[in-house]
Amino acid sequence: MYPVPVAGSCEFLVTSGSTMAAVEVARQMSEGARNLSLSGHVGFDSMPDQLVNKSVCQGFCFNILCVGETGLGKSTLMDTLFNTRFEGDPAAHNQPGVHIKSNNYELQESNVRLKLSIVNSVGFGDQINKEESYKSIVEFIDAQFEAYLQEELKIKRTLHSYHDSRIHACLYFIAPTGHSLKSLDLVTMKKLDSKVNIIPIIAKADSISKNELQKFKIKIMSELVSNGVQIYQFPTDDETVAEINGTMNAHLPFAVVGSTEEIKIGNKMMKARQYPWGTVQVENENHCDFVKLREMLIRVNMEDLREQTHARHYELYRRCKLEEMGFKDTDPDNKPFSLQETYEAKRNEFLGELQKKEEEMRQMFVMRVKEKESELKEAEKELHDKFDRLKKLHQDEKKKLEDKKKSLDDEINAFKQRKTAAELLQSQAQQSGSQQTLKREKERKNNPWLCTE
């Protein structure tokens, strides 16, 4: 989106590369303004040419998301659509989950440069439990919206040089079963219809007969309507493309065949698929809807897909995100809110919540402290009781030991007394024995006869 200054001090947003938008600007400018006749050529009728030249110099970006089961020919169809061969390895069927793989390319046709991103859902529909197969796709789309929103909310924005990675078109590949849509297809498209422009296509349409194919298309559209799935409708408000878009809306979903092999048919080399029973020409509208898809997707409605992504899907995401952040357009009195007022209101609300939480935490802290104090008092009381019990037990034990010591001391004293008495008796006995011996010695000396005896 680029600002275009016009007379009357007003500013309009005009989508890059759109000449019709410049005409719309001129129409809006004329509303509510006086019509004046010019006396000569001024030159502002070259503004559409200026926009075109500026847009061509900057180039364009377009991002395609391919969703479908492995083996439905998503990569082949992309190669066929852009008439080139994009590098990439085929995905295996044994993926543990669905993961998103994005590849960026730069293409040039005439003097127009296109930054193309092809995003593939690798492993989609290959798991036994397919309940959450859509989640990684939804998360990827939201991540691109979030990245653009963050860039838009910056103080110093560089949106003119920002690589827009938002998904502009989702080609949903439907398996050519001929019966009905799978539950996985309905659930996934229902989750994606508010986030991206869904264009359903029947892959490998050469594997089903024409009668079955027409019935299959009718059944698919009936199931989409009955389940409330909103697919992308080619716009009919522009008179220049209203007729062709109205006709092509009746052909949805497109039944396509992709092939990068060229086979000589007559005097021309054409992209086709060779079978034992015949040849399917990719660019033959009697064989498949590939040309219709290419015309609608790239040549006629590429800019509308970009505008719908920005004006519808991104705006919905942006509005929901800002409402979650607390921003509003009007106050309760239906008066407009300025950004500063919204910020101040949100800041006051945040501070109030912060104070409330702080008070709750303080009360909780006081309550926890009281609980801890009561627990400590209880533990202290238990320790005192235990100390008293141990002290009493210690005193009893000490008293017992003192009594035992006293009895032992008494026994020792009695033993010492007995020992002293015994020693005294023994010494007295020894003294009496020595006296008797001396007496006998004296008697022997006095009576010599006692010696002979």
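Structure: see above.
Residues numbered from 1 in each chain as written. Predicted model: local features only at pLDDT ≥ 70, side-chain atom pairs only at ≥ 80, totals over all residues. Heavy atoms only, no water.

Scanning all chains against the criterion turns up 19 salt bridges. A salt bridge links Glu-69 to Lys-182; its shortest N-O distance comes to 2.7 Å. Highlighted residues: Glu-69 in the loop between strand S3 (60-67) and helix H3 (74-81) and Lys-182 in the loop between strand S6 (169-174) and helix H5 (183-192), separated in sequence by 113 residues. Given a relative accessible area of 34%, Lys-182 falls into the partly exposed group. Linking Asp-289 and Lys-292 is a salt bridge whose minimum nitrogen-to-oxygen distance equals 3.6 Å. With a relative accessible area of 9%, Lys-292 lands in the buried category. Beyond isolated ion pairs, a larger network of salt bridges with shared partners links Lys-217, Glu-285, Asp-289 and Lys-292. (Salt bridge = Lys/Arg side-chain N within 4 Å of Asp/Glu carboxyl O. Helix = DSSP H or I, 4+ residues; strand = E, 2+ residues; numbered from the N terminus. Buried < 20%, exposed > 50% of the residue type's maximum accessible area, 1.4 Å probe, protein only.)

Across all of its chains, the model carries one cavity of 30 Å³ or more by this definition. Together, Gly-68, Glu-69, Leu-72, Phe-173, Ile-174, Ala-175, Lys-182 and Asp-185 line the largest cavity. For the lining of the largest cavity, the residue count by class is four nonpolar, one polar and three charged. (1 Å grid on protein atoms, 1.4 Å probe; cavity = no way out; pocket = protein on both sides within 12 Å on 5 of 7 lines; lining within 4 Å. Points joined across faces, edges and corners; volume = space filled by probe spheres on them. Nonpolar A, V, L, I, M, F, W, Y, C, P; charged D, E, K, R; others polar.)

Turning to a nonpolar patch on the surface, a few remarks are in order. Together, Leu-38, Val-42 and Phe-44 line one region of the surface with nonpolar side chains, adding up to about 340 Å² of accessible area. Along the polypeptide, Leu-38 turns up in the loop between helix H1 (19-30) and helix H2 (47-58). (Patch = residues over 30% accessible without salt bridge, like charges linked within 9 Å, V, L, I, M, F, W, Y side chains within 5 Å. Areas by Shrake-Rupley, 256 points an atom, 1.4 Å probe, with all protein chains shown as cover.)

With four bridges connecting them, strand S9 (residues 262-265) and strand S10 (residues 268-275) associate as antiparallel partners. Counted as the bridge partner of Ile-265 is Lys-268 from S10. Turn length for the S9-S10 hairpin, with the two strands adjacent in sequence and antiparallel, is two residues, and the turn residue Gly-266 shows positive phi of about 70°. (Pairing = 2+ DSSP bridges.)

What follows concerns the side chain of Thr-80. Checked against the element boundaries, Thr-80 lands in helix H3. A residue is classified by how much of its surface remains accessible, and Thr-80, at 2% relative accessible area, is buried. One polar contact links the side chain of Thr-80 to the main-chain amide nitrogen of Ser-259, over a distance of 3.1 Å. (Polar contact = N/O pair within 3.5 Å; in protein donor to acceptor, adjacent residues only side chain to side chain.)

On to the packing of H3 against helix H8 (residues 290-300), then. The N-to-C vectors of H3 and H8 enclose an angle of 70°; their axes lie 11 Å apart at closest approach. Classified by the angle their axes make, H3 and H8 are roughly perpendicular. Viewed along their axes, H3 and H8 form a crossing whose handedness is right-handed. Contact with H3, carried on its side by Leu-77, Thr-80 and Leu-81, involves Phe-290, Leu-293, Arg-294, Leu-297 and Ile-298 of H8 and no other residues of that element. Looking at the contact of H3 with H8 residue by residue, the classes come out as six nonpolar, one polar and one charged. (Axes fitted to C-alpha atoms, helices over the stretch in contact; angles between N-to-C directions. Parallel < 35°, antiparallel > 145°, perpendicular 65-115°, else oblique. Left-handed = near helix turned anticlockwise from the far one by under 90°. Contact = heavy atoms within 4.5 Å.)

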